[in-house]
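Chain residues, written in single-letter form:
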Amino acid sequence: MKMPALPSSRQIKVFLFRILATAAVYYIAAHLGLYLSAMVNGAVSAIWPAAGVAAAASIRFRFAGLVGVFIGAYFANSGVVPEQSLPYVVLGVTLGAWLMAWIPRKLGDSDLSLESIGDIARFCLMGLPVGAAVSALFGVTAILYYEGMGSGDFIRTLWFWWSGDLVGAILLAPVLLTAKSSSWITGARAYWLEWVAAAAAAVVVGVMLLGGVGGQTIQTADFLLFPLMMWVALRFPIGATSLLILFIGVVRIAAALTQHGPLGPMVDLSTILSLQVTLASLSVGGLLVSAAFSERRLSEIRLDMLANHDPLTGLPNRSYFQDFLQHAIAQCLRQGGQVSLLFIDLDRFKHINDSRGHEVGDQVLRIVASRLIDTLRSDDFVGRLGGDEFAVVITHPKTHRGAGRVAMKLIEALSQSFKVENVRYAISASVGITVCPDDGNDANTLLRQADLAMYQAKQRKSGFEYFSDEMNKFAHEQLLIENGLRQALQKQEFSLLYQPKVDLRTGKVVGLEALIRWLTPGGKGLTGPERFIPVAEDTGLIIPIGRWAMRQACRQWVSWHKAGLNPPTISVNLSPRQFSQGDLAQDLLNALEETGMDPSFLGLEITESAAMDNPDMTLEVLEQLGGRGIKVMIDDFGTGHSNLRQLKRLPIDTLKIDKGFVRDVLVDREDAEIASAIIGLAHTLNLRVIAEGVETPEIATFLKQRNCDVIQGYLISRPLPPEIAQTVFDKTYNIN
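Bear in mind that the values here come from a model prediction, so they are computed numbers and not experimental data. (Residues numbered from 1 in each chain as written. Predicted model: local features only at pLDDT ≥ 70, side-chain atom pairs only at ≥ 80, totals over all residues. Heavy atoms only, no water.)

Colleague: Please explain a nonpolar patch on the surface as it appears in this structure.
Modeller: Residues Tyr27, Ile28, Phe70, Ile71, Tyr74 and Phe75 make up a contiguous nonpolar surface patch of roughly 590 Å² in combined accessible area. When residues of the nonpolar patch are traced back to their parent elements, those giving at least two are helix H1 (9-35) and helix H3 (63-77). Per-element tally for the nonpolar patch: the top contributor is H3, with four residues. Overall, the relative accessible area of 39% leaves Phe70 in the partly exposed class. (Patch = residues over 30% accessible without salt bridge, like charges linked within 9 Å, V, L, I, M, F, W, Y side chains within 5 Å. Areas by Shrake-Rupley, 256 points an atom, 1.4 Å probe, with all protein chains shown as cover. Salt bridge = Lys/Arg side-chain N within 4 Å of Asp/Glu carboxyl O. Helix = DSSP H or I, 4+ residues; strand = E, 2+ residues; numbered from the N terminus. Buried < 20%, exposed > 50% of the residue type's maximum accessible area, 1.4 Å probe, protein only.)

Have a look at this one:
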């Protein structure tokens, strides 16, 4: 069994300080209450401020506060109440203080903040009355038992003890409880002046009380205190309201003392009762009104947050950000200077979401938002536009690309590694920058241009890029390609070409790679994949295009087979985007079933980066296809970031050496060594090796000498249409 940790020396010092501070303040407040004593049987005060100290200390300091109240009550009441009654009086005060804190806490779901009507009701209308009643009952009963007291005196003493505790607590406790909260006056000078004006008005009312004669003037002046209290409660938060209510109460008590002196036995009890009722009504009414408006202000703040801020990070959302950007642009056009817009997109964030889940992704986004805020200046404006996209508005004098330095600082800050759930992550980002008035003078234009610049930075892996007119032209071309692809899908304007793969030992064609081409409208010929595949990837069109290519390749193989030919394995490229959809395996199986193709003659070419970005998902898809004889090839091997342990787990058959390493094997020693190493690694793992991009007999000879299994490239053939590709099925190539 683990022993609880002992408190530190600092915790002990804080505990003792709270006890002593509570005892001292209670003692002082008690003697102030004795000065205001009604002297009923020598033990009752008309207003007992010490009850407010006791309630506040019990709520805020808990056990330490109760100990302080016990000590303070003991010394404050020594010599005031009979010696035999003293323990019971002190016990009653302490128990009452505990109830003043326990009842509101028990009835609510959190500690008191006094900023809601529920808090005020639980405290002023439940906790304080019950606690004061218990304190009065203990004290008066003890005095009755040891000193003797008539039944009439008992009831009257009990009433004044209870009412004195109640009024003192209602006046003083809210001020003490809100002393360290944020519910006080803001730093604006106008609010301070208004608060001082309200206090001055209370003094004026006090002067009227002092100058009046008789109860009529007192009642008239009391009526003036209520609209004054309402002014304060409607205008100020609960902390400032409670302080001003206490100030008004002091003014009212001072007026009573000036007219009557200490509220001793010669003062009419109706006067004391009138004073208590006035102070209690002012306090409770003011606190309830202030709490009601605090709740309304909090509701408005919450609505504003929901409407204008991102609930995950707390940053301004896209709508609020655009409004601020437009305002900054308008101010820039009027006053001069520049506004720089930085569009930030996290790199490979989707990989974190897919591999670790959205909860981890959300924590990463919060960390990113915090780092952006910490790195930027206080007058810079940052917002979250959605997903993993953020944006920053920087207002500054005209300068030559000064925003680039800010972009570098942000990229550097985001690149620092951090831990989430005991896993360390490092985030990189791409930033696009556009400047007003140089690039545009409205928010939508700047956002679009910054987005284009960010995309350019992501493509070039340069960190950040400034917008340029060339990007606008490029974006226009990309939009035309996207629209053209959508029409091409509807009109079936794609075709497949087939490039042979040849076994280096036998010279026989052992496979075909299906390569997609776009039949450009207007009879302008074929458009290569390098132009339209990136656009298809970005827009998601690669998924229906890939689905069409798979079915078309299967149909073509079946057509050749039914014609009595001997078609080899056809391999089809899978896009990384296709792996992100959950039904890839089922889609492939449906294509085989619909077309009737033999699965053992189908190959899937997966880029190394697609396979290794999310190896668990890759393994899941491939396992769903397992047992059907489908061949799996890792394409562009050597260009990604393979983990050999993960590579060994995957059910793959072939590695394809990227043509970038093959092209220069005869002139670049490093490329030659890399190609040789990949061949050796593949054979160690019992995998076949295909070298793509073979264009000369010398390169083929080099690869053959190093035991490469298969080659593919222009030395053998360019990609061929189906009717020509079928002529090479039985052809033997002579490769020395």
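Colleague: Would you mind going over the pattern of salt bridges with me for this structure?
Modeller: Should the charged atoms of two oppositely charged side chains come close, the side chains can pair. Across all of its chains, the model carries 19 salt bridges by this definition. Arg384 serves as the salt-bridge partner of Asp310, at 3.0 Å between the closest nitrogen and oxygen. With Asp310 in the loop between helix H10 (269-308) and helix H11 (318-335) and Arg384 in strand E2 (residues 381-386), this pair connects stretches of sequence that are 74 residues apart. Accessibility expressed as a relative area gives 10% for Asp310, which makes it buried. In this structure, the salt-bridge partner of Lys458 is Asp345, at a minimum N-O distance of 2.8 Å. Within this pair, whereas Lys458 is found in helix H15 (residues 443-460), its partner Asp345 is found in strand E1 (residues 338-346), the two being separated by 113 residues in sequence. Within the structure, one salt-bridge network assembled from shared partners comprises Lys501, Glu513, Glu605, Lys656 and Glu692.

Colleague: In this structure, what is going on with the environment of Lys648? I would like to understand it.
Modeller: Tracing the sequence through the fold places Lys648 in helix H23 (residues 644-649). A residue is classified by how much of its surface remains accessible, and Lys648, at 67% relative accessible area, is exposed. A C-alpha to C-alpha distance of 7.4 Å links Lys648 and Leu685, two positions 37 residues apart in sequence.

Colleague: Sorry, what's going on with the nonpolar core here?
Modeller: For soluble globular proteins, nonpolar side chains are generally found buried alongside one another. Residues Leu485, Phe494, Met550, Ile570, Leu703 and Ile711 are the most contacted members of the largest nonpolar core, which totals 83 residues. Each residue touching Ile711, except ones within four places of it in the same chain, is listed here: Pro500, Lys501, Val502, Leu504, Ala691, Val694, Ala700, Leu703, Ile716 and Ile735. Judged by nonpolar contacts, the second largest core, of 79 residues, contains Ile47, Phe160, Leu228 and Ala280. (Core = buried A, V, L, I, M, F, W, Y, C linked by side-chain atoms within 4.5 Å. Contact = heavy atoms within 4.5 Å.)

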